[in-house]
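# Working through the structure, step by step
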Amino acid sequence: MPGTDNLNLVPPLVQTGKFEELVKSGQTISASLSSADNSLAVFITNTGLPNADQARGVDEAQPVYLAGLDVVPSAERRLLLTDTLIIFSAFQNLLKTAASKEPGWIQSDQCLIMMRKLAVDYVIFIKECWVHASQPISRPDGPLQYGSDHYRSLYTCFSLFVVLYLPEPGYEQAPIADELMEWLNTHFIEPSTEEGDHLSALDRPWEDESFWPYLTQAIIRGLSKSSLFFLNVLLSHPSDRLQRLTSTLIPLIESQPRLLTFATEKDFAHAIRRWNDKVKALRLDMDRVPENSRFDDFDNWWDRLSDIVGILEGRTEVIQRVCEDLGGDWKEVCVAWTIFVAPRMRRQDLPEVVSQVLSDMPPDPTDAEDMLHAALFSGHTAEALQHALRLDSWLSAHLADIMEPLQLVDLELDDESGLSLRDQYILSYADYLHSDPALWRITVDYMYSCGDIGSSRADEILLRVPLQLHEQNSDLQVDSRIRAGDIVGVLKDVNKTCFEYNRENVRRTVCRIAAQTLVSEKDYGLAVSYCISAEDWRGMGRVVDRVLDEYTTSGPHKFSEYALAIAPSVQDLQTQSTVQGVFVHRLIFAVRFARYHELIEKQDYHDAASDLIAILVEDVAPTSWWAVVLCDSVQLLRYAPELLFSSSGASLLLQRLDEIFVRTSQGAGDEYLPVLTRVIGGRGEKEALERLKTVRLALAHYFARCLVL
């Protein structure tokens, strides 16, 4: 079902006929489209600056309506949408293969066979949906969103399209009568089995008013078994003349030529001519029956039999009149025409006959299915798509997808939209899918098949897919996989989709979004993992800065906890040539400094002292952090049981301390003291230097102890 052209809000924002008054008051109705799906938020806004009365009402609660352009697909509906995507994807792969072949391969028998197979797959699946919807079973979720009649309509339309436009290779120029009659008998069953059972139970069925209509319709539909059964019943009719004519008619019905029973069409045509001659002979025999012998006690059997013979003769006026009398429509007449009037009619000849029939028996304009049938019969494929959209956007999209490579619709781009006709219907269907955000995978699959415009729209959807990172992070097993370098859950699906359609920029943007979300939750380890996946080195640098900021805001313990969470990423990054060194350098410092504080907490002072010196020797620490590192060394310098630093290590501490004092005196305090300034509460350079004097004092005591020992 396509989206509606209008939305009815209950209760209405504005009463009917009152909209002009609303505009005169300086207000209007506005709407905002959701980025998550195709729903709307509808509300009243001012058209300009509010007047005094409006200003007083600014703080008053205003109604906001959330309205959907489409009904969100139910569980049973999703079965059709998701499973037919497999066929759609196979069709797209076929078209990609065709693009790599020589020009014209798409019209080759090999390609057409595969296209027909996929189209038949659609038909089979729709039939299964129809059968499922028709079953009288309990449905815990309530009534079906789309009943069996809807799926029956899809079934009739798609199967008719296959019959008319995707014949088996080699049969493109073959007569179409038998295929159309099979389609008609499959989807519009007449006469009913119940009628046949009722008549067959009667001793004298011709006395029943439904006998002749049943027999006539059985003959029109080519139901030879039923026809012959009741014709044989007429051999017991009281009228000898009817018995004699029936005995002539029976072999005609038995021997009516069918194309499939002949090796060549030439033999078929020759058999038709001989059969027609026999029908003419039967007409001559009928005309010899006197007027007063043409009745029985219940009916004018001669008129009834004459209609049957007239149909066999291929008299168009008789076929049309009888079909109308039997309650048939234009389809019945058109198909009967191909059987009895022009049994050698080709597909390309059908529209001319259909036009003639429709002029007298037009389709029902209120019935989208009937209008679609008429358009397909008439060869008006573009019009057929319009009616298909009225019926179901799924149908119009998949018909258009097949019609384009068959060159059944215009390939030119629309001047206004920049889209081909096929892409317009595909994107319309994709919009319907977008009514359910959970169907984003299917939505983008269809959009990415629609050139640059479709790809751009699909990109926007991928960028807005809810990543559900909270749910993933609560799962310890999933969390460990992410930390090991795996991308899981919804983000993994988004990544996979981006790789499949070569949307690397989108993939990196999504990973950056995920990283930003995780940073806000202080899950820095996962944030770094996603930055690495996005190759967002600047973003990774910002994450590391946030981790380092935790030292000044939350203290060494929390800092160590956060920094050690990003430690597994260091080794992998050091092996990547694409990584910008400055960001890795900062990351290494955060991890090394966190490990130092972890050792302090464990009272492993020897290793802590070694790590501290290594941080300075290897020049891992940024100059802005030297002062903090030196202040943290005081605890180790004052460790009474033993000396933890070598003389060279202590000398290095003194060198770094002297450099800070010298450079600060030269006006470079912003390079050396900003972090320490924040640690001590942002008091300024003077206070920071005072704090560093405690380091100088601790070093003096340390060197004194070294001399004593």
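Attention now moves to the overall build of the protein. Looking only at helices and strands, the protein has 37 helices and three strands in total. Relative to its length of 709 residues, the protein is extended, with a C-alpha radius of gyration of 42 Å against a globular reference of 27 Å. With respect to the three principal axes, the spread of C-alpha positions in the protein is 150 × 70 × 50 Å. Looking at the protein residue by residue over its 709 residues, the buried ones come to 48%.

Together, Phe-19, Val-23 and Ile-29 line one region of the surface with nonpolar side chains, adding up to about 230 Å² of accessible area. By secondary structure assignment, the location of Ile-29 is in strand E1 (residues 27-33).

When the terminal C-alpha atoms of helix H24 (residues 489-500) are compared, their 17 Å separation across 12 residues agrees well with the 16 Å that a helix rising 1.5 Å per residue should span. For H24, the complete set of buried residues consists of Val-490, Leu-491, Val-494, Asn-495, Thr-497 and Cys-498. Buried residues in H24, looked at end-on, bunch into an arc of 160°, giving them a common side. Summarising the geometry of H24, the exposed residues directed more than 90 degrees from the buried face are Lys-496, Phe-499 and Glu-500. Of the residues trailing H24, Asn-502 is marked for its positive phi of about 60°.

Inspection of the secondary structure puts His-398 in helix H18 (residues 393-403). Contacts of His-398, omitting those with residues within four sequence positions, involve Phe-88, Tyr-122, Phe-158, Tyr-429 and Tyr-446.

This next bit is on the packing of aromatic side chains. Under the criterion given, the structure shown has 30 aromatic pairs. A network of ring pairs unites the aromatic residues Tyr-551, Phe-559, Phe-589, Phe-593, Tyr-596 and Trp-625 as a single cluster. One residue, Arg-294, lies across the ring of Trp-302, its end atom 3.8 Å from the ring centre. The ring of Phe-661 has Arg-696 sitting right over it, with the charged end atom 4.8 Å from the ring centre.

Turning to the pattern of salt bridges, a few remarks are in order. All chains considered together, the criterion is met by 38 salt bridges. Between Asp-436 and Arg-78 there is a salt bridge, and its shortest N-O distance comes to 2.9 Å. Separated by 358 residues along the polypeptide, Asp-436 in the loop between helix H19 (421-433) and helix H20 (440-447) and Arg-78 in helix H3 (residues 75-100) bring together distant segments of the chain. For Asp-436, a relative accessible area of 7% gives the class buried. Across the salt bridge formed by Asp-285 and Arg-288, the nearest N and O atoms sit 2.6 Å from each other. Judged by relative accessible area, which is 58%, Arg-288 ranks as exposed.

Both E1 and strand E2 (residues 39-46) contribute to a ladder of seven bridges, which runs antiparallel. Along E2, the bridge assignment pairs Ser-30 with Phe-43. Summarising the sheet, E2 and strand E3 (residues 65-68) pair through four bridges and their orientation is antiparallel. Bridged to Val-42 within E3 is Tyr-65.

Right, let's get into unusual backbone geometry. Excluding glycine, residues mostly have negative phi values, and the peptide bonds linking residues are mostly trans. Cis geometry is found at the peptide bond from Glu-190 to Pro-191, where omega equals -10°. Mapped onto the elements of the fold, Pro-191 is located in the loop between helix H6 (177-187) and helix H7 (193-200). Positive phi values are uncommon outside glycine, yet Asn-502 reaches one of about 60°. Topologically, Asn-502 is positioned in the loop between H24 and helix H25 (504-520). One non-glycine residue, Glu-535, adopts positive backbone phi at about 50°. Residue placement: Glu-535 occurs in the loop between helix H26 (524-534) and helix H27 (537-554).

On to the sheet that holds E3. The pairing of strands in a sheet happens through backbone hydrogen bonds and is either parallel or antiparallel. With antiparallel pairing, three strands are arranged side by side in an open sheet as E1-E2-E3. The sheet terminates laterally at E1 and E3, the two strands that pair on one side only. The average angle at which neighbouring strand axes cross in this sheet is 30°, direction not considered.

What follows deals with helix H10 (residues 240-254). For H10, which comprises 15 residues, the first-to-last C-alpha distance of 22 Å matches the rise-based estimate of 21 Å (1.5 Å per residue) to within 8%. Listed as buried for H10 are Leu-242, Leu-245, Thr-246, Leu-249, Ile-250, Leu-252 and Ile-253. Buried residues along H10 sit against helix H8 (211-220), helix H9 (224-234), helix H11 (265-287) and helix H12 (301-313).

Analysis parameters
Residues numbered from 1 in each chain as written. Predicted model: local features only at pLDDT ≥ 70, side-chain atom pairs only at ≥ 80, totals over all residues. Heavy atoms only, no water. Helix = DSSP H or I, 4+ residues; strand = E, 2+ residues; numbered from the N terminus. Rg over C-alpha atoms; globule rule 2.2 N^0.38 Å. Buried < 20%, exposed > 50% of the residue type's maximum accessible area, 1.4 Å probe, protein only. Patch = residues over 30% accessible without salt bridge, like charges linked within 9 Å, V, L, I, M, F, W, Y side chains within 5 Å. Areas by Shrake-Rupley, 256 points an atom, 1.4 Å probe, with all protein chains shown as cover. Salt bridge = Lys/Arg side-chain N within 4 Å of Asp/Glu carboxyl O. Expected span 1.5 Å × (residues − 1). Arc of directions from axis to C-beta. Contact = heavy atoms within 4.5 Å. Phe/Tyr/Trp six-rings, centres within 6.5 Å; stacked < 30°, edge-to-face > 60°. Lys NZ or Arg CZ within 6 Å of the ring centre and 35° of its normal. Pairing = 2+ DSSP bridges. Axes fitted to C-alpha atoms, helices over the stretch in contact; angles between N-to-C directions.

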